[in-house]
Amino acid sequence: MERIYLDNAATTPLDDEVIDCMVNVLRFNYGNPSSTHSLGQEAKTILEEVRRKIADSLKVTPGEIVFTSCGTESNNMIIKSAVNYLGVERIITSALEHKCVAETCLEMKKLKGVELVYLRPDSNGDFDLNKLEELLKNSDKKTLVTLMHANNEIGNLLDIEKVAHLCKENNTLFHSDTVQTMAHLDLDFSKIPVDFASCSAHKFHGPKGAGFAFVRKSSGLKGIITGGPQERSLRAGTENVTGIAGLGKAWEISQEKMDLYKNHILEIKHYAIEQLKDKIHGIKFNGRSADDTSLYTVLNILLPYKNPLIGLQLDMKGIAISQGSACSSGAAKPSMVLMSVLSEEELENSTPVRVSFSHFTKKQDIDAFVNALEEIGKQFVIEKTDSLHR
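Residues numbered from 1 in each chain as written. Predicted model: local features only at pLDDT ≥ 70, side-chain atom pairs only at ≥ 80, totals over all residues. Heavy atoms only, no water.

Turning next to the sheet that holds strand β10 (residues 298-303). Strand order in the open sheet formed by three strands is β9-β10-β12, and the pairing between neighbours is antiparallel. Of all strands in the sheet, those with a lone pairing partner are β9 (284-285) and β12 (351-356), marking the two edges. Two elements, β9 and β10, share two bridges in a ladder whose sense is antiparallel. Looking at β10, one finds that Phe285 is bridged to Ile301. Here helix α8 (residues 258-279) sits on the sheet in contact with β9 and β10, set at roughly 10° to β10. (Pairing = 2+ DSSP bridges. Helix = DSSP H or I, 4+ residues; strand = E, 2+ residues; numbered from the N terminus. Contact = heavy atoms within 4.5 Å. Axes fitted to C-alpha atoms, helices over the stretch in contact; angles between N-to-C directions.)

A word on the packing of aromatic side chains. Under the counting rule described, the total for this entry stands at three aromatic pairs. On the numbers, 5.8 Å between centres and 75° between planes, the contact of Phe204 with Trp251 is edge-to-face. Within this pair, whereas Phe204 is found in the loop between β7 (196-200) and β8 (211-215), its partner Trp251 is found in helix α7 (residues 241-256), the two being separated by 47 residues in sequence. The class for Phe204 is buried, based on a relative accessible area of 1%. For Trp251, a relative accessible area of 1% translates into the label buried. Each ring, one from Phe212 and one from Trp251, has its centre 5.8 Å from the other, and the planes form 70°; the classification is edge-to-face. Pair noted here: Phe212 is in strand β8 and Trp251 is in helix α7, with a separation of 39 residues, a long-range link. In this structure, Phe212 and Trp251 share a single accessibility class: buried. By the ring-pair criterion, three or more aromatic residues cluster together here, those being Phe204, Phe212 and Trp251. (Phe/Tyr/Trp six-rings, centres within 6.5 Å; stacked < 30°, edge-to-face > 60°. Buried < 20%, exposed > 50% of the residue type's maximum accessible area, 1.4 Å probe, protein only.)

The next thing to look at is the sheet that holds strand β2 (residues 65-68). Pairing is mixed in the open sheet, where seven strands are placed in the order β2-β8-β7-β6-β5-β3-β4. The sheet terminates laterally at β2 and β4 (115-119), the two strands that pair on one side only. Taking each pair of neighbouring strands and ignoring which way they run, the sheet shows an average axis angle of 20°. The strands touched by helix α2 (residues 38-58) within the sheet are β2 and β8, with β2 carrying the most contacts at an inclination of about 125°.

Here the focus is the pattern of salt bridges. Side chains that differ in sign of charge can pair as their charged atoms come close. Counting across every chain of the model gives 19 salt bridges. Arg3 is the partner of Asp315 in a salt bridge, and the nearest nitrogen-oxygen pair spans 3.1 Å. Of the two residues, Asp315 sits in helix α9 (residues 310-316) while Arg3 sits in the segment before β1 (4-5), which places them 312 residues apart along the sequence. You can call Asp315 partly exposed: its relative accessible area is 36%. Taking relative accessible area as the criterion, Arg3 reaches 53% and is therefore assigned exposed. Glu48 is the partner of Lys44 in a salt bridge, and the nearest nitrogen-oxygen pair spans 3.6 Å. With Lys44 and Glu48 both in helix α2 and four residues apart, the pair spans about one turn of that helix. Overlapping salt bridges bring together Lys44, Glu48, Arg51 and Glu231 as one network. (Salt bridge = Lys/Arg side-chain N within 4 Å of Asp/Glu carboxyl O.)

The geometry of α2 relative to α7 is characterised by a closest axis approach of 9 Å and an angle of 30° between their N-to-C directions. In this structure, α2 crosses over α7, and the sense of that crossing is left-handed. Contact residues: Ala43, Ile46, Leu47, Val50, Lys53, Ile54, Ser57 and Leu58 in α2; Val241, Ile244, Ala245, Leu247, Gly248, Trp251, Glu252 and Gln255 in α7. A per-class count over the contact of α2 with α7 returns 11 nonpolar, three polar and two charged. (Left-handed = near helix turned anticlockwise from the far one by under 90°. Nonpolar A, V, L, I, M, F, W, Y, C, P; charged D, E, K, R; others polar.)

Let us look at the environment of Val298. Relative to the helices and strands, Val298 is located in strand β10. By relative accessible area, Val298 is classed as buried at 0%. Val298 sits 289 residues away from Ala9 along the chain, and the two C-alpha atoms are 7.0 Å apart. Not counting the four nearest positions on each side in its chain, Val298 is found in contact with Ala9, Asn152, Glu153, Ile154, Gly155, Lys269, Ser289, Arg354, Val355 and Ser356.

A few words now on the domain arrangement of the protein. Taken domain by domain, the protein holds domain 1 (4-10 + 258-384) and domain 2 (16-253). The C-alpha centroid of domain 2 is placed 28 Å from the C-alpha centroid of domain 1. Surface buried jointly by domain 1 and domain 2 totals about 2,300 Å² across both partners, of which 55% is contributed by carbon and sulfur atoms. The salt bridge involving Asp126 is made with Arg288; its shortest N-O contact spans 2.8 Å. Our count for the contact surface shared by domain 1 and domain 2 stands at 12 residue pairs in polar contact (both at pLDDT 80 or more). Elements with a minimum of two residues in the side of domain 1 that touches domain 2: α8, β10 and α10 (336-341). Here the side of domain 1 that touches domain 2 takes five residues from α10, the largest share from any one element. Partitioning the side of domain 1 that touches domain 2 into residue classes produces 13 nonpolar, 14 polar and two charged. (Domains from an automatic or database assignment. Buried area = accessible area lost by both parts, 1.4 Å probe. Polar contact = N/O pair within 3.5 Å; in protein donor to acceptor, adjacent residues only side chain to side chain.)

Written as structure tokens, this is what we have:
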């Protein structure tokens with residue numbers, strides 16, 4: 001059976017050049033980057049070259065890039081350290097955040113007594129930034145705003161530059177989970193005064209287990225994993241040299257081919273929307289995911305019938321999709337994101353699914369997916385009609 005992969009927001013397949021790069025490092029660059037001998041310094045050079053490459057792209061200094069294992073670790077480090085060491089007493093966030101942000105904020109409320117304020121989205125998944133400005137002006141508490149750049153389920157994009165300037169004007173720290181947009185969108189942190197951001201290599205054809213946090217040098221953030229001087233003492237422990245090398249190669253490819261990849265994926269996404277509208281009567285799209293204002297890699301679909309087994313049925317046909325984010329798959333109830341943007345009737349009578357694309361996605365993949373949905377939908381209608389006649 002040919003496998004069709006439409007779950008790239010969860011993870012992406014490794015690029016062949018990334019694999020070759022990592023194998024080469026595994027073979028020849030096995031030194032500990034903290035060692036002073038030549039083998040150790042060769043490994044250290046790899047780390048610093050990747051760090052510089054990322055910093056140049058983001059228009060920041062190399063010392064502001066801190067290597068971690070993933071976006072989840074980066075987000076945990078930033079939020080917990082902001083509370084523990086920077087005196088944050090209030091966090092402004094939303095119900096649309098990834099679980100690693102949402103649960104860390106709740107933990108800070110429980111353990112540290114931090115006030116949590118939720119910015120509410122409208123039915124399209126958008127925020128009223130005038131309300132955010134009002135919240136920023138109406139409190140003297142040291143505040144951290146944490147809002148993701150692109151939602152991992154519905155693809156809505158935050159006006160990150162406007163939010164960053166609002167926070168700066170109101171002496172507020174700003175953290176953005178940029179896991180879905182790093183290496184997919186051109187980010188310039190010399191123009192976007194964000195204090196903290198996060199990245200995972202496996203979202204842009206790099207390896208799992210490698211990522212980084214952007215930490216503005218003036219922030220004063222401290223590490224929560226201690227025990228060594230690595231990563232400017234912000235993240236103790238021997239660095240994952242092989243993973244970071246793979247991250248660097250994937251980053252390099254993504255920067256060089258960003259426009260090429262984006263144009264291809266947009267063509268695939270537009271084709272998918274067109275085919276779904278044509279073949280599936282009553283289909284809708286959640287959030288802004290079908291708009292060109294959304295993240296181009298994500299499309300969230302609302303099927304016009306209730307079928308909690310749709311993911312399994314598609315998987316049996318060799319098609320991989322998601323019924324939520326990867327971190328909440330298998331959950332019996334809809335995610336907080338979908339509960340925030342869908343009506344009770346839609347939650348009760350429809351089935352949301354997420355498809356997400358990469359430059360490897362072909363129109364034939366979309367044809368197979370739409371045909372499978374048609375087939376499953378017809379069977380659902382037959383079963384529903386039979387039950388009514390019994």
